[in-house]
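# A structural walkthrough
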Amino acid sequence: MPRPEALARRAVAAALAEAGAQGAITVLLADDAAVKRLNGRHRAKAKPTNVLSFPAGAPGYLGDVALALGVVRREARQAGRRAADHLAHLVAHGALHLAGHDHLEAGEARRMERAEARVMRKLGRPNPWKEGRPGGRMRGAT
């Protein structure tokens, strides 16, 4: 995946613009083992996950987003997607969480999916929720 850092920066900026939020976000692009440790420590789940969001609650700093690049690549391959598209989606997903979005209830989930689709369109990337495309309606982002 060429230039994942630049892609992550663009995805964060687009997500914050979509949410009407301002502030700094740190994005950690890590291996699966590092995210597994974070997931175990903060969510009591002994496995890696694709993305984790950690709100900061500090003025001007929204928080941190951690991604397990191995998981991201595997999920993309399994869904027939480009890894860069999936990475952009998951970074945006994490940033939207830090900007106040959630998906615990059906209505919240639908609003968040629509926001993610708009962010992906701004980035010139395919809609991850569109039915009928390989891997459409992917779940699992945290």
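What comes next is a walk through the structure. Values in this document were obtained by computation on a predicted structure and should not be read as measured data.

Let's shift gears to the overall build of the protein. In terms of helices and strands, the protein carries five helices and three strands. Expected size for 142 residues packed as a compact globule is a radius of gyration near 14 Å; at 14 Å, the protein falls within 12% of this value. By principal-axis analysis of the C-alpha atoms, the protein measures approximately 40 × 35 × 35 Å. Split into buried and exposed, the 142 residues of the protein put 45% on the buried side. Restricting the contact set of the protein to residue pairs at least 6 apart, pairs at least 24 apart contribute 60%. A total of about 7300 Å² of accessible surface is found on the protein, and carbon and sulfur atoms cover 51% of it.

Pairing is mixed in the open sheet, where three strands are placed in the order β1-β3-β2. The outermost strands of the open sheet, each flanked by one partner alone, are β1 (24-30) and β2 (51-58). Adjacent strand axes in the sheet meet at a mean angle of 15 degrees when their direction is disregarded. Strand direction decides the pairing type here: β1 and strand β3 (residues 61-68), joined by seven bridges, are parallel.

The phi dihedral of Ala44 falls on the positive side, at around 55 degrees, and the residue is not glycine. Among the secondary structure elements, Ala44 is positioned in the loop between α2 (32-43) and β2.

What follows is about the pairing of β2. Bridging between β2 and β3 involves six bridges; their strand directions are antiparallel. By the bridge assignment for β3, Phe54 is matched with Asp64. What sits between β2 and β3 in their antiparallel hairpin is a turn of two residues, with Gly60 showing a positive phi close to 80 degrees.

Where helix α3 (residues 69-79) meets helix α4 (residues 83-98), the axes come as close as 9 Å, and the angle between the chain directions of the two elements is 120 degrees. Taken together, the axes of α3 and α4 are oblique relative to one another. The hand of the α3/α4 crossing is right-handed. Between α3, through Leu69, Val72, Arg73, Glu75 and Ala76, and α4, the contact on the second element is made entirely by Ala83, His86, Leu87 and Leu90. Grouping the constituent residues of the contact of α3 with α4 by class yields six nonpolar, one polar and two charged.

By the element assignment, Asp85 lies in helix α4. Ignoring sequence-local partners within four residues, the contact set of Asp85 consists of Met120, Arg125 and Pro126.

What counts, and where the lines are drawn
- Per-chain numbering applies: the sequence of each chain, read as written, is numbered from 1 onward.
- In keeping with the model being predicted, local features are shown solely for residues with a pLDDT of at least 70 and side-chain atom pairs are shown and tallied solely at 80 or more, while totals for entire chains, interfaces and linings include all residues.
- Where side-chain values are given, they derive from all heavy atoms of the structure, hydrogens and water being excluded.
- Helix numbering and strand numbering both begin at the N terminus, where a helix is a DSSP run of H or I of at least 4 residues and a strand a DSSP run of E of at least 2.
- Values of the radius of gyration come from C-alpha atoms, whereas the globule rule sets the reference at 2.2 Å times the count of residues to the power 0.38.
- Partly exposed residues are those whose accessible area sits between 20% and 50% of the maximum for their type, while under 20% is buried and over 50% is exposed, using a 1.4 Å probe and protein chains only.
- Contacts are residue-level and defined by heavy atoms, with any inter-residue pair within 4.5 Å sufficient.
- Here the accessible surface of atoms and residues is derived via Shrake-Rupley with a 1.4 Å probe, and residues count as covered only by protein chains that are part of the display.
- Only when DSSP finds a minimum of two bridges between them are two strands counted as paired.
- Axis geometry follows a simple rule: fit a line to the C-alpha atoms, using only the stretch in contact for helices, then measure angles between N-to-C directions, giving values from 0 to 180 degrees.
- Roughly parallel here means an angle under 35 degrees, roughly antiparallel means over 145, roughly perpendicular means 65 to 115, and every remaining angle is called oblique.
- Crossing handedness is read from the near helix: turned anticlockwise from the far helix by less than a right angle, it gives a left-handed crossing, and turned clockwise, a right-handed one.
- Under the scheme applied, nonpolar residues are Ala, Val, Leu, Ile, Met, Phe, Trp, Tyr, Cys and Pro; charged residues are Asp, Glu, Lys and Arg; polar residues are all the others, including Gly.

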